[in-house]
Amino acid sequence: MRCIQLFFDGACEPVNPGGIGTYGFAAFDGGREIYGEGGVVCFGERWCTNNYAEYAGLVKALEWALAGGFDCVSAFGDSQLVVRQMLGLYAVRAPNLRPLYERAVELSRGFRRFSISWVPRGENSRADFYSKRAYCDFLKSRPDLRERYGKWLATERQLELLRRLGVEAECLSKAEASRLIKSRRRIPRS
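Residues numbered from 1 in each chain as written. Predicted model: local features only at pLDDT ≥ 70, side-chain atom pairs only at ≥ 80, totals over all residues. Heavy atoms only, no water.

What follows deals with the nonpolar core. Counting residues in hydrophobic clusters, the biggest one holds 32 residues, and the most contacted among them are Leu6, Phe8, Tyr55, Leu58, Leu62, Val73 and Met86. For this core, the secondary structure elements donating two or more residues are β1 (3-13), β2 (20-29), α1 (50-67), β4 (72-77), α2 (80-86) and α3 (98-108). Residue contributions to this core peak at 8 residues, all from α1. Excluding anything up to four places from it in sequence, Leu58 contacts Phe8, Ala75, Val82, Met86, Ala104 and Ile116. (Core = buried A, V, L, I, M, F, W, Y, C linked by side-chain atoms within 4.5 Å. Buried < 20%, exposed > 50% of the residue type's maximum accessible area, 1.4 Å probe, protein only. Helix = DSSP H or I, 4+ residues; strand = E, 2+ residues; numbered from the N terminus. Contact = heavy atoms within 4.5 Å.)

Written out as structure tokens, the structure is:
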């Protein structure tokens, strides 16, 4: 049996709902990353949410695994909502999530063995990386979106402070930039 681990993630930045919804997933075989992918699934629509993007990450990962001929998948995500809905512990009430949920359930039945578990955000870093890269690449390719989402994006002053602290981060929200600045200022300099 060909078994792999799939880590999936999604985000809606710089505002949720209505931001740029991106997904990411990373496939591992025996602890070694064998594939990773990210992409944009929606932007600007009220139904474009973090949960929608999380489900898109799971669906894309399962589609990839089925196409690759894998028999056995252990899926891991940091969205308690998605994991608990997939386990049947929570109902799927949001109309925008129902089609993705149904697709994920359908795909999961295509494997001889399937499991899904929640992991802390820190253990989902590769999937998060692909999701964030898709967001930043898309934002950079669409200057009109910088204007549209400008009130939520990091200010030039924040970006300059981050550069002085040795952090290159051009696609951060104001809130993320503030958190980073505060955390870096607490670290004693040697």
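Per the counting criterion, the structure on display carries 3 disulfides. The disulfide that involves Cys3 links it to Cys72, with 2.3 Å between the sulfurs. Taking the sign of the torsion about the S-S bond as the criterion, the disulfide between Cys3 and Cys72, at about 100°, is right-handed. Linking Cys3 in strand β1 with Cys72 in strand β4, this pair joins segments that are 69 residues apart in sequence. (Disulfide = S-S within 2.5 Å.)

Let us now look at the pairing of strand β3 (residues 32-43). By the bridge criterion, 10 bridges tie β2 to β3 in an arrangement that is antiparallel. What sits directly across from Tyr23, in β3, is Gly39. Once β2 ends, the chain turns through 2 residues before running back antiparallel as β3, passing Gly30 with a positive phi of about 60°. (Pairing = 2+ DSSP bridges.)

A separate point is the pattern of salt bridges. This structure, assessed with the given rule, holds 8 salt bridges. The salt bridge involving Glu63 is made with Arg103; its shortest N-O contact spans 3.3 Å. Here Glu63, found in helix α1, pairs with Arg103, found in helix α3; they are 40 residues apart in sequence, far enough to count as distant. Relative accessible area serves as the criterion here: at 28%, Glu63 is assigned to the partly exposed category. Salt-bridge contacts for Lys132 lead to Asp128; the nearest nitrogen and oxygen are separated by 3.3 Å. Within this pair, Lys132 and its partner Asp128 are both found in helix α4 (residues 125-141), separated by 4 residues, close to a single helical turn. Classification of Lys132 by relative accessible area gives partly exposed; the value is 45%. According to the relative accessible area criterion, Asp128 is partly exposed, its value standing at 21%. (Salt bridge = Lys/Arg side-chain N within 4 Å of Asp/Glu carboxyl O.)

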